[in-house]
Amino acid sequence: MRDLLYKNLTSADRSRRLIASSEITDKEGVHSVVRRHFGCIVKQVEKADVEKPAPYLYVLKERNTLEKREHFFCKVKGSLVAVNKGRFFLVVFVHTLSIQLTATEKLGDKIG
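Just so you know, these numbers come straight off a predicted model, no measurement behind them. (Residues numbered from 1 in each chain as written. Predicted model: local features only at pLDDT ≥ 70, side-chain atom pairs only at ≥ 80, totals over all residues. Heavy atoms only, no water.)

Draft legend 1. A look at the sheet that holds strand 6 (residues 87-103). Read from one edge to the other, the open sheet built from 6 strands follows the order 1-2-3-6-5-4, with strand pairing classed as antiparallel. Bordering the open sheet on either side are strand 1 (2-10) and strand 4 (56-64), each of which pairs with just one other strand. On average, each strand axis in the sheet is tilted by 10° relative to the strand beside it, whichever way the strands run. By the bridge criterion, 9 bridges tie strand 4 to strand 5 (residues 69-84) in an arrangement that is antiparallel. Residue pairing across strands places lysine 61 opposite phenylalanine 72, the latter belonging to strand 5. (Pairing = 2+ DSSP bridges. Helix = DSSP H or I, 4+ residues; strand = E, 2+ residues; numbered from the N terminus. Axes fitted to C-alpha atoms, helices over the stretch in contact; angles between N-to-C directions.)

Draft legend 2. Region of the structure containing the pattern of salt bridges. Summed over the entire model, instances satisfying the criterion amount to 2 salt bridges. A salt bridge links glutamate 70 to arginine 63; the nearest nitrogen and oxygen atoms lie 3.4 Å apart. Judged by relative accessible area, which is 30%, glutamate 70 ranks as partly exposed. (Salt bridge = Lys/Arg side-chain N within 4 Å of Asp/Glu carboxyl O. Buried < 20%, exposed > 50% of the residue type's maximum accessible area, 1.4 Å probe, protein only.)

Draft legend 3. The arrangement of a nonpolar patch on the surface in detail. A cluster of nonpolar side chains, Leu57, Val59 and Val76, forms an exposed patch at the surface whose accessible area comes to about 260 Å². Within the secondary structure, valine 59 is located in strand 4. (Patch = residues over 30% accessible without salt bridge, like charges linked within 9 Å, V, L, I, M, F, W, Y side chains within 5 Å. Areas by Shrake-Rupley, 256 points an atom, 1.4 Å probe, with all protein chains shown as cover.)

Draft legend 4. Main features of the environment of cysteine 74. Within the element layout of this structure, cysteine 74 appears in strand 5. In this structure cysteine 74 comes out as buried when scored by relative accessible area, which is 18%. Once you skip the residues sitting within four places of it in the chain, cysteine 74 turns out to touch Leu57, Tyr58, Val59, His95, Thr96 and Leu97. (Contact = heavy atoms within 4.5 Å.)

Draft legend 5. Looking closely at the environment of valine 34. Mapped onto the secondary structure, valine 34 falls in strand 3 (residues 30-45). With 22 residues separating them in the primary sequence, valine 34 and tyrosine 56 have C-alpha atoms 21 Å apart. If we ignore the near neighbours within four places in the chain, the residues touching valine 34 are Ser21, Ser22, Glu23, Leu97, Ser98 and Ile99.

Draft legend 6. Broad picture of the confidence of the model for the protein. Residues at a pLDDT of 70 or more form 93% of the protein, whose mean pLDDT is 88. Segment residues 107-112: pLDDT under 50, and 3 contacts once partners within four positions in sequence are set aside and those in other chains are kept. (pLDDT = per-residue confidence, 0-100.)

Draft legend 7. The arrangement of unusual backbone geometry in detail. Even without being glycine, arginine 14 reaches a positive phi, approximately 60°. Turning to its location among the elements, arginine 14 is positioned in the loop between strand 1 and strand 2 (16-27). Not every positive phi belongs to a glycine, and lysine 68 is a case in point at roughly 55°. By secondary structure assignment, the location of lysine 68 is in the loop between strand 4 and strand 5. A residue is classified by how much of its surface remains accessible, and lysine 68, at 35% relative accessible area, is partly exposed.

Structure follows, in C-alpha cells:
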C-alpha cells in the first residue's frame, strides 16, 4: 500500500513558496515514511553584494536494532543572488528530507 500527499503553497505576492510531499509505504515487512520539504523566500535587494546568510548542512542517521527502526534526516539551508531586468533578488531556501524505516510485525515474526 502506498499513500502520497503533495502540497504546493505560494504566498499572495509570490515571495514565499513551500512545497512538501509525504510518502508512506508498507512493502515486504518494512513500513517507510519519506517526507520532503522545500521552502524559499525571494526578496528584492539594492545591490549584489548584500550580506547573505551562511550556508548550513545538518545530517542525522539513527539505527535502533532493538526497536527495528532506522531514521535519516538531512537539512540544507542556503541563499543566492539572482538578477532579473537589472534588479537584484536574494533567494533564501531550505530543503529537508526525512526517511523513517520500521520493521512491521510480519518481519519481526520471521526473524524471531
